[in-house]
Amino acid sequence: MTTARSAVFDRATITFLAVLIALTALRIYALRLEALDLFYDEAQYWMWSRSFEWGYFTKPPMVAWAIATTTSLFGDSEWAVRLAAPIGQSIAGLALFALGRSMYGAWAGFWAGLAWLLMPGVSLSSGVISTDALLLPCWAIALLCAWRLTATRAWIWAIALGIAIGAGLQAKYAMFYFPLCLAAAAWWSAPARAALGRGRAMAAGLIALLMLAPNLYWNASHGFATAQHTAANARFDSPNLFNVSELFEFLSSQAGVIGPLMFLALIGLFWRAMRRADGLSDQDKFLLAFILPPLIFVSVIAFVSRANANWAAAAYPAAIVWIAGSLFAGKRGRGFLALATAINAAFAAFMAYAVLSPEISNQWKNVRAMRGWDETAREIAVRAAAQPGEAPFTAVLVDDRAMYFELNYYWRHARRAGAPLPPIRMWLLDGEAHNSAEATDPMREAEGARVLAVHQTPGYLPFVAGDFTVFRTVEHLTIPLGGGQNRELEISIGEGFAPAPRDAAFMQRLERERARPSR
């Protein structure tokens, strides 16, 4: 095996470290300027971070641990909740620089690290705290450890590999792809097969399992809630299975994740690898082993059911290194690589501008859902306060988990100041918990004497009304989000919470409501 390596502190390394530090600082500064409130998933993770657990209802624990760390240091404003995201992606970029440098040379490593940092999916992920932002640095470090183990067969890299895999499993269960990729590498590449022998692979696996063991115990103690949620995300119980359109949508979305020219380069490299299968280098075989399994597996899921664009994110650390290393070998390739990276940088700049401009970004559903929550929480707090001559509310009932998590986050200061705000409770749509909010704080009869109901889904209003002995609508509340967009809510008051039976008749009415076109 041949690897191009140079001195540790060469110009490429110093240049990359300067770019890495500057870009990370810029992204953290942008977080502090960002006008977006927390997305409800982020608010959910913040709620989890208030208590240390080895697992949570829908995710492994690392995202909550990361938020607990950053908010304990910098307070719990939005930028501090998100702080681990740009730091995590920068760690991934550093690991991929080191991998590219070890495989193809210092300047190829520079382009690999830079291409990662400016990849559209990474630019977006750096502004939102998510499990991907923590999985990907673990994956990139594990990838580096696996390659160094292959190159040196040193036990220290086997131990580091096990730690990186174990940490990744605590971030997101997509890390389970990694052992599958290692197996593919051992099958295709004799050096990788030799490096994983003599107990080194077994040692790495045992370390990873020991690190995962507390989460496995937590899952076993909670009915395997996280594992069941992860499996349910694929929606294999959907009546509309085996859709070519879903597969096409997923594959085309990957150009948005990695960038249009990077995606074309990856397709070209796949084509070249198919035509020259017998002439692939050890680097080619190793990196392909960490690209193809996640892509193929998620593509199958997309065809059978559905798949989100980010579900194959684990394929791209190796893909970026492969693209950078392969293109950097030729003059024309270097020009293409520079152009592809520049286009991705332009996209990142446009996205930063768009986020600060409601007229642009509010056209996107997910961005629109991140605006106006602070004001929404204030307006609901005013209505939830006890009024002279009226009995206080015993709870605030919401029919959407986004509202539940956002209210809990944006009421944090008022609660700490001792404001007499009622507890926030989730309405159980079909009588059992299907998410963290419903499992943690369902509406209880003991708290149902006098309830303020906040409806995000107007169609559910008659169903909520049927769970109270006395119920009346109060007002329609409009929250401006900017850019001509609003959040529309219905406010009601219910007394005597007594849930109607979730029998066949109820479920039939509910299915008819769900089948109605959105208004």
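Values in this document were obtained by computation on a predicted structure and should not be read as measured data.

1. Looking at the sheet that holds strand β3 (residues 450-455)
Part 1 of the argument: On the basis of which strands lie adjacent, the open sheet formed by five strands has the order β2-β1-β3-β5-β4 and mixed pairing. Each having just a single partner strand, β2 (424-426) and β4 (468-482) make up the two edges of the open sheet. Geometrically, the sheet is characterised by an average inter-axis angle of 25° between neighbouring strands, direction not taken into account.
Part 2 of the argument: Pairing geometry for β3 and strand β5 (residues 485-497), over six bridges, is antiparallel. Paired with V454 across the two strands is I491, which belongs to β5.
Part 3 of the argument: Contacting β1 (395-398), β3, β4 and β5, helix α21 (residues 373-384) runs over the sheet at an angle of about 145° to β4.

2. Some details on the pairing of β4
It is a general feature of regular strands that their side chains alternate between the two faces of the sheet.
Part 1 of the argument: When β4 meets β5, the two strands line up antiparallel, connected through twelve bridges. Within β5, the residue paired with F471 across the bridge is G494.
Part 2 of the argument: Linkage of β4 to β5, two consecutive antiparallel strands, is achieved through a turn of two residues, within which G483 is found at a positive phi near 65°.

3. Some points on empty space enclosed by the protein
Part 1 of the argument: Overall, the coordinates contain one cavity of 30 Å³ or more when judged by the stated rule.
Part 2 of the argument: Put simply, the largest cavity is a space of about 30 Å³.
Part 3 of the argument: A146, L149, T150, L182, A185, A192, L196 and F286 together form the lining of the largest cavity.
Part 4 of the argument: Among the secondary structure elements, those contributing two or more residues to the lining of the largest cavity are α8 (132-152), α10 (177-188) and α11 (190-196).
Part 5 of the argument: Looking at the lining of the largest cavity, the element that brings in the most residues is α8, giving three residues.

Reading the values: rules and limits
For every chain, the first residue of the written sequence is number 1, and numbering continues from 1 onward in sequence order. With the structure being a predicted model, the display of local features is reserved for residues of pLDDT at least 70 and the display and counting of side-chain atom pairs for 80 or more, all residues being used for whole-chain, interface and lining totals. Processing note: side-chain calculations cover all non-hydrogen atoms of the structure and skip hydrogens and water entirely. Should DSSP find at least two bridges between two strands, the strands are taken to pair. For helices the rule is a DSSP run of H or I covering at least 4 residues; for strands it is a run of E covering at least 2, with both sets numbered from the N terminus onward. In this analysis, axes come from line fits to C-alpha atoms, helices being fitted only over the stretch in contact, and the angle between any two N-to-C directions falls in the range 0 to 180 degrees. Note on contacts: a residue pair qualifies if any of its non-hydrogen atoms lie within 4.5 Å across the two residues. Think of a 1 Å grid over just the protein atoms. A cavity is a set of points where a 1.4 Å probe fits yet cannot get out, a pocket is an open set with protein on both sides within 12 Å along at least five of seven lines, and lining residues have an atom within 4 Å of a point. Grid points are joined across faces, edges and corners, and a volume is the space filled by probe spheres set on the points.

Everything listed here is a matter of coordinates, which is why it stays silent on function.
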